[in-house]
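Letter by letter, the chains look like this.
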Amino acid sequence: MYSPPPLTGIRVLEFAGLAPGPFAGMMLADWGASVLRVDRVVPHGQEVATGDLLTRRKSSIMVNLKSQSGIDLIKELAQKVDVLIDPFRPGVLEKLGLDPEQVLLPLNPRLIVARMTGFRRDGRYSRMAGHDINYIAVSGVLGMLGPVTSRPLPPANLMGDFAGGGLMCFLGIVLALLGRVTTGSGQVIEANMVDGSSYIATSPRLAHKTQLWNKVRGTNLLDGGCPYYDVYETKDGLYVAVGALEPQFFSRLLQGLDVQLKDLPGNREDPANWPFLSRLFKAKFLSKTRREWESVFDGTDACVTPVLTYAELEKNGFDQRPAVTLKSTPALAVSADMSGGAARGQGLGVPGSGWISEGLVPGHGGEQLLEEWTAWKKGKDYKVENNGLVKIASAYL
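Residues numbered from 1 in each chain as written. Predicted model: local features only at pLDDT ≥ 70, side-chain atom pairs only at ≥ 80, totals over all residues. Heavy atoms only, no water.

Student: Go over the state of the cysteines, please, and point to the residues and values.
Tutor: One pass over the structure, following the stated rule, counts zero disulfides. The thiol sulfur of Cys 303 is not disulfide-bonded, and the nearest other cysteine sulfur, from Cys 226, lies at 12 Å. When its relative accessible area of 31% is taken as the criterion, Cys 303 is described as partly exposed. (Disulfide = S-S within 2.5 Å. Buried < 20%, exposed > 50% of the residue type's maximum accessible area, 1.4 Å probe, protein only.)

Student: Lay out the sheet that holds strand S9 (residues 304–306) in plain terms, naming residues and giving numbers.
Tutor: Pairing is antiparallel in the open sheet, where three strands are placed in the order S7-S8-S9. Looking at the sheet topology across the chains shown, the edges are occupied by strand S7 (229–233) and S9. Averaged over all adjacent pairs, the angle separating strand axes in this sheet is 25°, with direction ignored. Pairing geometry for strand S8 (residues 239–243) and S9, over three bridges, is antiparallel. In the sheet register, Val 240 faces S9, and the bridge partner there is Pro 306. Sitting on the sheet, helix H10 (residues 274–285) is in contact with S7, S8 and S9, with an inclination near 40° to S7. (Pairing = 2+ DSSP bridges. Helix = DSSP H or I, 4+ residues; strand = E, 2+ residues; numbered from the N terminus. Axes fitted to C-alpha atoms, helices over the stretch in contact; angles between N-to-C directions. Contact = heavy atoms within 4.5 Å.)

Student: How would you sum up the packing of helix H1 (residues 20–30) against helix H6 (residues 158–183)? Please name residues and give values.
Tutor: Orientation of H1 relative to H6, taken along the N-to-C sense of each, is 45°, at an axis distance of 8 Å. Taken together, the axes of H1 and H6 are oblique relative to one another. The hand of the H1/H6 crossing is right-handed. Of H6, the residues touching H1 (which contributes Pro 20, Phe 23, Ala 24, Met 27 and Leu 28) are Asp 161, Phe 162, Gly 165, Gly 166, Leu 167, Cys 169, Phe 170 and Ile 173. Classifying every residue of the contact of H1 with H6 gives ten nonpolar, two polar and one charged. (Parallel < 35°, antiparallel > 145°, perpendicular 65-115°, else oblique. Left-handed = near helix turned anticlockwise from the far one by under 90°. Nonpolar A, V, L, I, M, F, W, Y, C, P; charged D, E, K, R; others polar.)

Student: Any details on the sheet that holds strand S6 (residues 187–192)? Residues and values, ideally.
Tutor: Reading across the sheet, the six strands line up as S3-S2-S1-S4-S5-S6 and stay open at both edges, with parallel pairing between neighbours. Two strands lie at the open edges of the sheet, namely strand S3 (58–62) and S6, each paired on one side alone. For this sheet, the mean inter-axis angle between neighbouring strands, taken without regard to orientation, is 20°. In the sheet, strand S5 (residues 112–117) pairs with S6 via six bridges, with the strands oriented parallel. Bridge pairing links Ala 114 to Ile 189 in S6. Sheet strands in contact with helix H7 (residues 193–200) are S5 and S6, and its direction is about 70° off that of S6. Sitting on the sheet, helix H13 (residues 366–374) touches strand S1 (11–15), strand S2 (34–39) and S3, and the angle it makes with S2 is about 130°.

Student: Explain the packing of H6 against H7 to me, using residue names and the numbers behind them.
Tutor: Two numbers describe how H6 lies on H7: the axes approach to 8 Å, and their chain directions differ by 95°. In terms of their interaxial angle, H6 and H7 are classed as roughly perpendicular. Mapping the contact onto sequence places Met 159, Gly 160, Asp 161, Ala 163, Gly 164, Gly 165 and Met 168 in H6 and Met 193, Gly 196, Ser 197, Tyr 199 and Ile 200 in H7. Classifying every residue of the contact of H6 with H7 by side-chain character gives six nonpolar, five polar and one charged.

Student: Requested: an account of the pairing of strand S4 (residues 83–86), with residues and values cited.
Tutor: Of the two faces of S4, the one holding Val 83 and Ile 85 and the one holding Leu 84 and Asp 86 are both buried throughout. By the bridge criterion, three bridges tie S1 to S4 in an arrangement that is parallel. Bridging across to S4, Leu 13 finds its partner in Leu 84. Here four bridges tie S4 to S5, and the two strands are oriented parallel to one another. Across the sheet, the residue bridging to Ile 85 is Ala 114, located in S5.

This is the structure in structure tokens:
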């Protein structure tokens, strides 16, 4: 027997934005929260799914935030929810008349306003536009990523948008909800991708003062400089990952490669011997296909695994699961056909097994959710004006 997910009953109002805000909202929904996205108004008949793919379990309403009647609806709705996600640049909510400290919290003292920005709100770049690559650049993280022979290479937008941004914002929301249990009050939380990325990079940053990571980018133990912690091409143009850091794992790696310890030039931990090891391992791995190397290393402690692509995983039926398993109150299932077990989530999943998203059409499902949350009735408490929802003034208490 399982209990409902831990965020069941939490109501979240998410302003539509780019990756980090929607990711935080999706995580809240996966752990049971009810999430309503506020989309921009589009003309009637032109409602199609937006480019936002992080819409699992969300509903949508369209609101014209440039109209006072639309802002009035948001103010009224803010009194009915637990969390409001602000993905905008600094100052936007204030210009809309939705200042969190001056307007929203006085309306609902239990409200948690999660504000997600790229740069720090009080920093040098606070008024500038940017993307993931810019945020991790000024955080110091980008400068340590990439080979020594190349420029710094961004890890797609995983570090800033998702790890340092959306994930940290989600953590802040959960912490604020926990704090509200004790204080009874909500609060404003601020997350930004500069501090979030830098925090995630705490270990390598501190290691810069030690022998573990005090050399130039791409020549250290864990950043591609070490030959027994690297990626190698195989005979068929695919790749394997090697992580044989400990002596016993390194010994098993040599055994699988049919290399004798006496054939090595000296201490493997001496960087002076790394070029020789790198050339040796490169030649060895090019001698067999990836599948052949899998047959050699699978089930061993050599720390050698194939570098799998998402296309391969999807083809082979790899099931996407929630990020962590709570044995008594697990998250909802990622896939419709993978529900029912603590390791895979519980309750209804969604189509696609975590491989596709059909997005969310602006306005889809939102009015039904509004009625569940507030008991509002269309035509009595709110109406549709120019395809956007507005509050009917006479409905105010």
